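Letter by letter, the chains look like this.
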Amino acid sequence: MADVILSGVDKSFGPVRAVSDMSLAIADGEFLVLLGPTGAGKTTTLRLVAGLEPPDAGSIAIGGRDVTRIAPAERDVTFVFQQYSLYPHLSVYENLAFPLRSPTRRMPEAEIRKRVEEIAAMLRISQKLDNRATRLSGGEMQRVAIGRALVRRPAIYLMDEPLSSLDAKLRADLRLELKRIQQDLGATVLYVTHDQTEAMTMANRIGVISAGRLIQVGSPREIYTDPRNVYVATRLGQPAINLIPAGLIPAGSLPSGATTIGARTEHLRIARATNGAATAKVDWIEHLGDQNHLHLTVGNHKLVTLADPSSDLAGGDAVSLAFVNPLFFDTAGDRVR
Amino acid sequence: MSATGITTAHSVVAPTGRTRAIAGAIVIVYALITMIPLLWIVVTSFKTPDDSIAYPPKLLFTPSIEGYCNLFNTRTRQTPEYIAALPPATGQCDQLVRSRNMVIAGPSNVIPRFTNSIIIAFGSTFLAVALGTLTAYGFSRFRVPFANDLLFFILSTRFMPPIAVAIPIYLMYRAIGLTDTKIGMILLYTAVNVSLAVWLLKGFIDEIPREYEEAAMIDGYSRLQAFRKVVLPQAATGIAATAIFCLIFAWNEYAFAVLLTSGEAQTMPPFIPFIIGEGGQDWPAVAAATALFLIPILVFTILLRKHLLRGITFGAVRK
C-alpha cells in the first residue's frame, strides 16, 4: 500500500478537456471516492493513474515514485472495470489466478492456489471456482472482478463504478462487504461513482468532480454540511437540496451578496399555518414507505422536503415555512457565509 | 376459438411441426442438388474407362479401382509376348494394367503434386491469417494515421479479378526467379488473401472489448502478451472462419497455378485436367484425383465447423 499523488494533471481527447489541472493526494490506507455525473472525467482520472492514458501535462506519483511515463504493468495498481471485467474464455479460478501468473510476478502454483481460494472464500464464490466466467450471475461476475483485484496487494486499488450494473439489494450488500474488506486489508482505494449513497457510506474522503475539475475534497460529513458551491450541494442529499431565490421566504438578515438560499430538510421548519401566516401550500405527499416526501409550492416555486412520518398534513393544506441555518449562495453559485 | 378470434394454442416463436417438415424438405432437396455432382465424381472414380463414358450413363456397374491405379502409376504398352514372359503380377493394379496389355512403368506425379497443394495452400493460409490478425489488431486498437484510407487501399486490391494482373506478375516472377517455386505460390496466394483476412478479422477484433487487454496490461502483462493471452483466444472463431475462406481460395486456385507452375511447384488444379489415358481423357483417374482433392478441405472444414457457423452468421444478431 502507498500514497498516490496527482499534481496538475491535464488530459484532452481532441477538443474535449477530460481532466483539467487535477491535483489530488490519496493517503496510504484511504478510501477516496470521486463523485460526479457521467462525463465529468472520473473514469479518465482512474485511467491516468492506471497508466492506460498518458497525461498531457502534470505528474503522477505512486508511493513516492514518479510513474507518469511508466507502463501500466509496472505501476503496481489494480483496476476493477465497470463491465467486461472477466475473461470469458477462462474459468473463475483462471480469472482470479491470471494477475498472479503475469510474467512480472511469477508466483509458485501452490501459492497462487492458496491466494485464490482465500479470496474466493472472502467473496463467497468458492463453490463457483470451476465455472466458466460467462456462466455466472451479474452479482457473482462482479464479485469475481473485485476478487481479481484483491488477489494482489497493489499500491492502490482503482475501481470504476464496480457496483453500478447490479440490482439495489446486491449493491447494498457488496457496498458493505467492499468497505469491510478495505478496512481489513488497510487498502488504498480510489473509487469512482455517481451514486451519492456509495460515496457517503464508503468514503473516508469524497472528491466532487465536474467537467474535469476537482471542485471540493473532504470527508462525507464536510461535503454534505459545508459545500463550497451550489454544484457540490446538489450532489448530496435525498431529496435534493432546494434552491430558493432570496426574498421568497423571510429569512432574517442575509449575508451580503447572497441571492440564493439552499435548504435541505433539516434547514426548514414547517408548521400548519395559523390564520394569515401561510407562506406555502402542500401540493401532495409522496409516500415512499420509509420516507414521506412533502411537495410544497411557494409563490410559483416548488420545494421538496421530508415530512415527519407522524405528520397529519394533507394535500391543499396551508403551511408556514421558516429557515433554520440554511446555506447561502451568490449569483455565481459560490457559498457566502 | 376464443372470443377475440385469436388462438394461441402454440408458441408464436417456436416452429410448428409442419413448418419444420417443410424446412427439412427444402434442406434435403438442396443438399441432394449440391451433393449429386460430388457423388457422381466418387461413383465415376470406381468405374472402368469404358463404363465411365457409356451412354446412357451406367448406374449399375462392377466397381473397379482402375481409376486409382492409373492415377498413381504411369504405364507403358507392351506386346502380349513381353507381358507373358514377366513374373506373375504382384498386386491388383498390376493385374488390371496387364489385362490392358500394359505394364506399370513407375509412380505418377500425383503424390508430389498433392504435397505441393498442401504446402502451398496451408502455408499461404497460415501467413495470410497471421499477417491479417496482426494488421487487424493494429487498425482496431491504435490510432493509425489515415487508417480509413489504408484500409480502403487494402480492400482495393480485391476490386479486380487477380488474374487481370497475371502478365505483370508472370514477368516479375520470371525476372526474380519465383516461377514454379513453392515460395512464389505461397507469397502470391498470401497477397491475394491478406486483404480478405484483414477486413474479416478487423470486424471480429473490434467486437472484443478493449477492457480485457487493459485489465491484462494492468495485471502485469505487456501488450503482446495480453494480445496472445486474451485477444487471440477470443478471436479464435474469427480466425478459424477466415482461415477456411483463405484455404478454400488457395486450394482451388487454378489460373495462376496454370500460368506460373509447370513441374516443381505444380498444384493439383492444373495437374488434374492433364491426366490423359490412351486415346483420350482417363475419366476414372480424373474423378479419382478430384475425389482425393476434396478430402483435405472437407476434413479442415469439419474440424472448424462450429467456428464457421458462428463466423458466417457473425454480426447478424446484436448481442
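Residues numbered from 1 in each chain as written. Chains lettered and ligands numbered in written order. Predicted model: local features only at pLDDT ≥ 70, side-chain atom pairs only at ≥ 80, totals over all residues. Heavy atoms only, no water.

Moving on, we come to the interface of chain A and chain B. With 24 residues of chain A in contact, the opposing surface of chain B contributes 16 residues. Carbon and sulfur atoms make up 65% of the surface buried where chain A meets chain B, a total of about 1800 Å² over both sides. If you look at where chain A meets chain B, you find 3 salt bridges. With a closest N to O distance of 3.9 Å, Asp219 of chain B and Arg148 of chain A form a salt bridge. Taken together, the connections running from chain A to chain B amount to 9 residue pairs in polar contact (both at pLDDT 80 or more). Of all elements in the fold, only helix H1 (42-50) and strand E6 (77-80) of chain A reach the threshold of two or more residues within the side of chain A that touches chain B. (Contact = heavy atoms within 4.5 Å. Buried area = accessible area lost by both parts, 1.4 Å probe. Salt bridge = Lys/Arg side-chain N within 4 Å of Asp/Glu carboxyl O. Polar contact = N/O pair within 3.5 Å; in protein donor to acceptor, adjacent residues only side chain to side chain. Helix = DSSP H or I, 4+ residues; strand = E, 2+ residues; numbered from the N terminus.)

Let us now look at the sheet that holds strand E16 (residues 301-306) of chain A. Residues and elements named next belong to chain A. Taken in spatial order, the 5 strands line up as E13-E17-E14-E15-E16 in an open sheet, and their pairing is antiparallel. Looking along the sheet, the strands with just one partner apiece sit at the ends: strand E13 (268-272) and E16. The sheet shows a mean angle of 40° between the axes of neighbouring strands, direction not considered. In this structure, strand E14 (residues 280-287) lies alongside strand E15 (residues 292-298), joined through 6 bridges in antiparallel fashion. Bridging across to E15, Trp284 finds its partner in His295. (Pairing = 2+ DSSP bridges. Axes fitted to C-alpha atoms, helices over the stretch in contact; angles between N-to-C directions.)

Turning next to the nonpolar core. Counting residues in each nonpolar core, the largest one holds 89 residues, and the members touching the most others are Phe79, Tyr87, Leu158 and Leu190 of chain A together with Met185 and Leu188 of chain B. If one sorts the elements of this core by residue count, helix H12 (residues 236-252) of chain B sits on top with 9 residues. Not counting residues within four places of it along the chain, the set of residues in contact with Leu188 of chain B comprises Ile169, Tyr173, Phe256 and Leu260 of chain B. Tyr93, Val189, Val208 and Ile215 of chain A belong to the second largest nonpolar core, which has 46 residues in total. (Core = buried A, V, L, I, M, F, W, Y, C linked by side-chain atoms within 4.5 Å. Buried < 20%, exposed > 50% of the residue type's maximum accessible area, 1.4 Å probe, protein only.)

Right, let's get into the sheet that holds strand E3 (residues 31-35) of chain A. Residue and element names in this part refer to chain A. A sheet is described by the order of its strands in space; here 6 strands give the open sequence E6-E7-E8-E3-E9-E10, paired in mixed fashion. Either end of the sheet is taken by a strand with one partner, and the two such strands are E6 and strand E10 (213-218). Looking at each pair of strands side by side, their axes are set apart by 20° on average, direction ignored. Bridge analysis of E6 against strand E7 (residues 156-160) gives 4 bridges, and the strand direction is parallel. Each bridged residue has a counterpart across the sheet, and for Val77 the counterpart in E7 is Ile156. In the packing of helix H4 (residues 138-150) onto the sheet, contacts are made with E6 and E7, and the angle to E6 comes to roughly 175°.

This model, assessed by the stated rule, comprises 29 salt bridges over all chains. With a shortest N-O distance of 2.5 Å, Glu30 of chain A and Arg205 of chain A are connected by a salt bridge. With Glu30 of chain A in the loop between strand E2 (16-26) and E3 and Arg205 of chain A in strand E9 (residues 205-210), this residue pair connects regions lying 175 residues apart in the sequence. Under the relative-accessibility criterion, Glu30 of chain A is labelled buried at 8%. Here Arg205 of chain A falls in the partly exposed class, since its relative accessible area comes to 25%. Through salt bridges that share partners, Asp76, Arg148 and Arg152 of chain A together with Asp219 of chain B make up one connected network.

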